[in-house]
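Spelled out from the first residue to the last, the chains are:
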Amino acid sequence: MRLAIPRETAPREQRVSLTPDTVAKLVKSGFQAVVEAGAGIAAGHTDEAYQKAGATVSNGFAACVSGAQAVFKVREPSADEVAAIPEGALLLGLLGRGEDAEQMARYRARRLGVFSLNALPRISRAQKMDALSSMAACAGYKAVLLAANSSGKFFPLMMTAAGTVAPSRVFVLGAGVAGLQAIATARRLGAVVEAFDVRPAVKEEVQSLGAAFVDMPIGDAGVGAGGYAKELDEQRNEQIRQTIAGRLANTDVVISTASIPGKRAPLLLPAASVALMKPGSVIVDLAAESGGNCALTKPGAIIVEHHVSIHGPLDIAATLPTHASQMYARNLYELIVHLAKDAKLNVDFADEITRGCCLTYEGRAANELTAVGKTA
Ligand code: NAD
């Protein structure tokens, strides 16, 4: 079974779908691999490293995917790229949840077997393939570095001959995968950290990382299905905004990560709240891609309002390409081994993982693939 690892072409994208060590493991278990020249260089991997791992290197997308039975991507391929993928091949990557109808039609027209890690069920058995968690961990870490770099303050307590410097105070909003990683990173830098989430179950995790949990009297109202958050009514949202606002005069950095699957990000920081922060404070809004937790966030930009820097980073995991690719490649490796153990295709739609992350298969949309009796 021949695998293709093309170069990513989306703006700002520096990750690569498979690293040389994952290629080596796949080659050892019977796969062949073709890497597009330069595919891994931004993530720190030369063409020679892929060759040493057993891959061949070819020039250009079309040559790379020619004859491939599976194409490994980070981001969605362009329309031209989809047209170049051999009919019936598998396509694996962070390919959304089927919201782009035109792209879905292109996939169906090529009869591609499209498996998207955005749609992977968040069940224990799928944890090894969970690229959303891997990328969220990268994002949480990098958000704190952005904030520290943008702040005029030290994060740690400093006792120097020139006097004692108080530690920075960091407030993390949303303590899912990214938020917990942000807490851990800010703590390692020595900041005093507090956090809030609508899911009370995360309180212990927050505390075990050395941060304080900000309690709000909302009970389980924000707990939705599958361990995710759900939307709150406007009265509770306003209560949360007021409690957050009450702490901002004493906060140097806000890292906001609050998100609800399939919905606009909850508004936690209206403009009036930003105005309560001290001059020189920093907000890094990781929810920028889904509308932002801060009303002033401009996706993809850094702005200054009320003397507060507000970052709305996009594709932040791509700015940590070496380790983001290492984690992502491991997730994709697990997915292809799940779909084609020892290079033998076994796509079983009775399996929850296979069914959950499949967007199209043999010209059909995911909702036409039944749980039973569909084994390729
Ligand atoms: P996410 O990106 O959907 O949301 C980030 C956080 O924002 C969540 O913790 C959510 O509760 C919080 N949030 C939503 N609305 C909020 C509000 N108004 N105020 C404050 N916080 C708000 O979440 P995620 O990081 O993808 O993880 C969500 C859950 O899924 C977590 O419990 C995580 O542990 C779980 N998970 C399970 C697995 C698995 O079992 N395989 C894998 C990954 C994540």
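Remember, predicted model here, so these are calculated numbers, not experimental data.

Caption draft 1: The overall build of the protein chain, seen in detail. Looking only at helices and strands, the protein chain features 12 helices and 17 strands. For 376 residues, the compact-globule estimate of 2.2 N^0.38 gives 21 Å, and the C-alpha radius of gyration of the protein chain, at 22 Å, lies within 12% of that figure. Referenced to the eigenvectors of the C-alpha coordinate spread, the extents of the protein chain come out at roughly 65 × 50 × 35 Å. Per-residue burial for the protein chain yields a buried fraction of 50% across its 376 residues. Contacts spanning at least 24 positions in sequence make up 64% of the contacts within the protein chain whose residues lie at least 6 apart. For the protein chain, the accessible area works out to roughly 16,300 Å², and carbon and sulfur atoms hold 52% of it. Considering the protein chain, the positive charge centre built from 38 side chains and the negative charge centre built from 36 side chains are found 3 Å apart.

Caption draft 2: Representation of the side chain of Asn-331. Inspection of the secondary structure puts Asn-331 in helix α11 (residues 321-339). Looking at Asn-331, the relative accessible area reads 5%, which means it is buried. Apart from residues no more than four positions distant in its own chain, Asn-331 is found in contact with Gln-127, Lys-128, Met-129, Asp-130, Ala-131 and Ser-134.

Caption draft 3: Fine view of helix α5 (residues 101-109). Buried within α5 are the following residues: Gln-103, Met-104 and Tyr-107. For α5, the angular spread of the buried residues around the axis is 100°, confining them to a single face. Facing away from the buried side of α5 by more than 90 degrees, the exposed set consists of Ala-101, Glu-102 and Ala-109. Buried residues belonging to α5 abut α4 (79-84), β5 (90-93), β6 (113-116) and β16 (358-361). Trailing α5 by a residue or two, Arg-111 shows a phi angle of about 55°, which is positive.

Caption draft 4: Main features of the site of the ligand. Around the ligand lies a shell of 22 residues, among which Arg-122, Ser-133, Val-177, Asp-197 and Arg-199 are the nearest. Residue Ile-123 places a main-chain N or O atom 3.4 Å away from a nitrogen atom belonging to the ligand. In isolation the ligand has 840 Å² of accessible area, and contact with the protein removes 84% of it. Split by residue class, the shell around the ligand holds 11 nonpolar, 7 polar and 4 charged.

Caption draft 5: Spatial organisation of the sheet that holds β6. Taking strand neighbours across the sheet as the criterion, the 8 strands line up as β3-β2-β1-β4-β5-β6-β16-β17 in an open arrangement whose pairing is mixed. Looking at strand neighbours, the two that pair on one side only are β3 (56-58) and β17 (364-365), the edges of this open sheet. The sheet contact formed by β6 and β16 spans 2 bridges and is antiparallel. In the sheet register, Val-114 faces β16, and the bridge partner there is Thr-360.

Caption draft 6: Region of the structure containing the nonpolar core. By size, the foremost hydrophobic cluster in this structure holds 48 residues, and its most contacted members are Phe-72, Leu-90, Leu-92, Phe-115, Leu-117, Leu-335 and Ile-336. Of all the elements, α11 adds the most residues to this core, at 8 residues. Grouped together as the second largest cluster of nonpolar side chains are 27 residues, Ala-139, Val-172, Val-193 and Ala-211 included.

Caption draft 7: Up close: the sheet that holds strand β13 (residues 282-285). Taken together, 7 strands build an open sheet; the order of strands is β11-β10-β9-β12-β13-β15-β14 and the sheet is mixed. Looking along the sheet, the strands with just one partner apiece sit at the ends: β11 (212-213) and β14 (302-305). With 2 bridges joining them, strand β10 (residues 192-196) and β11 adopt parallel strand pairing. Within β11, the residue paired with Ala-195 across the bridge is Phe-213.

Each value, and the rule that gives it
Residues numbered from 1 in each chain as written. Predicted model: local features only at pLDDT ≥ 70, side-chain atom pairs only at ≥ 80, totals over all residues. Heavy atoms only, no water. Helix = DSSP H or I, 4+ residues; strand = E, 2+ residues; numbered from the N terminus. Rg over C-alpha atoms; globule rule 2.2 N^0.38 Å. Buried < 20%, exposed > 50% of the residue type's maximum accessible area, 1.4 Å probe, protein only. Contact = heavy atoms within 4.5 Å. Areas by Shrake-Rupley, 256 points an atom, 1.4 Å probe, with all protein chains shown as cover. Lys, Arg positive; Asp, Glu negative; His and termini not counted. Charge placed at Lys NZ, Arg CZ, Asp CG, Glu CD. Arc of directions from axis to C-beta. Near = heavy atom within 4 Å. Polar contact = N/O pair within 3.5 Å; in protein donor to acceptor, adjacent residues only side chain to side chain. Nonpolar A, V, L, I, M, F, W, Y, C, P; charged D, E, K, R; others polar. Pairing = 2+ DSSP bridges. Core = buried A, V, L, I, M, F, W, Y, C linked by side-chain atoms within 4.5 Å.

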